[in-house]
Amino acid sequence: MTHVGVVGHVEWVDFVSVPHLPVHGKILHAQSAFARAGGGGAVAASVLADLGADVDFYCALGPDAEGRATVAQLEERGVRIHVAWRDQPTRRAVTFLEPGGERTIVTLGERLAPLGSDELEWERLANARSVYFTAGDGGALERAHSSPYVVASPRARDVLEADGAWVYALVFSEGDEDERAWAHRVESHTRLLVATEGDRGGRWWGESQGSWAAVPLPGPPRDAYGCGDSFAAAFTLGLGRDGSIAEAAKLGAQAGARALTRVGAP
């Protein structure tokens, strides 16, 4: 069993299925609704556990019902969760799900992130083969570097822009103009840039270069929420298994395709 770490954030998400996005001044009736732990860190940790990894997830939560529910849900999924409890409330979000799988997200409140100074079981990362990083300070990133492979999300941009900060790989969406521009600005802070291109697959470049093909969906597209983090989580796992970028990208593509056919955080 491959040991993988996740250092990142959580959002308690209300998923609302709607026939279309709300129209200004109008009333829209939801077709269904449910809530569960989401956010890049929680999604990645859940995907990794489903893929059979031994997962340690480091995060920060508020001492509220959403924070407690997050712990219960992730532990039920098989995740070993390490929580820095904050005085602030757990961040929430509302995600509108439209027919065909598109999602629109509204976040509520401050994003909470773990700090390297938090008294957590950071020493466990010394045995992790790889780590996925979505949020944290410079100290948390330094803790993550106990592992040979650190893969980062653009949402960790504040810490990744700091002088001396670096990661093995940065995974971003080629279709997101902001992410694409930012990734190129910090190219010197990573050994590998990994660009996902949706149904065209994706490519990587840096210390090596290559591409991967898209994977056929195992079912109809239902919800795009978490597809990017699902890819990045599985890519991180693949690196930890044998260091092969091509195999890691293939595993990531499979996880991203599977996430698109599920409703709610994978």
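Note: the structure precedes this text.
Cut-off values and rules
- Residues numbered from 1 in each chain as written.
- Predicted model: local features only at pLDDT ≥ 70, side-chain atom pairs only at ≥ 80, totals over all residues.
- Heavy atoms only, no water.
- Buried < 20%, exposed > 50% of the residue type's maximum accessible area, 1.4 Å probe, protein only.
- Helix = DSSP H or I, 4+ residues; strand = E, 2+ residues; numbered from the N terminus.
- Pairing = 2+ DSSP bridges.
- Contact = heavy atoms within 4.5 Å.
- Expected span 1.5 Å × (residues − 1).

K.L.:
Sorry, what's going on with the pairing of strand S11 (residues 190-196) here?
P.N.:
In regular strands, side chains alternate between the two faces of the sheet. With respect to burial, S11 is a largely interior element, six of its seven residues being buried. Pairing of strand S10 (residues 167-173) with S11 involves six bridges; the strand directions are parallel. Its bridge partner being in S11, Ala 169 is matched across the sheet by Leu 192. Relative to strand S12 (residues 202-206), S11 runs antiparallel, the two sharing five bridges. Opposite Val 194, over in S12, you have Trp 204 as the bridge partner. In this structure, the hairpin formed by S11 and S12 is closed by a connection of five residues, where Gly 198 is found at a positive phi of approximately 60°.

K.L.:
What is the right way to read the side chain of Ser 17 from this model?
P.N.:
Secondary-structure assignment places Ser 17 in strand S2 (residues 11-17). The exposure class of Ser 17 is buried, given its relative accessible area of 14%. Those residues in contact with Ser 17, other than ones at most four positions away along the chain, are Ala 30, Gln 31, Ser 32 and Leu 97.

K.L.:
Mind showing me how you'd approach the environment of Glu 110 here?
P.N.:
Topologically, Glu 110 is positioned in the loop between strand S7 (103-108) and strand S8 (130-133). Not counting residues up to four positions away in its chain, the partners in contact with Glu 110 are Gln 88 and Arg 91.

K.L.:
Looking at this structure, I do not really get helix H1 (residues 39-50). What am I missing?
P.N.:
Because an α-helix packs 3.6 residues into every turn, residues spaced three or four apart end up facing the same way. Over its twelve residues, H1 extends 17 Å from the first C-alpha to the last, a length consistent with the 16 Å expected when each residue adds 1.5 Å. When you tally the buried positions in H1, you get eleven out of twelve residues, the bulk of the element. Residues Gly 39, Gly 40, Gly 41, Ala 42, Val 43, Ala 44, Ala 45, Ser 46, Val 47, Leu 48 and Ala 49 constitute the buried set of H1.

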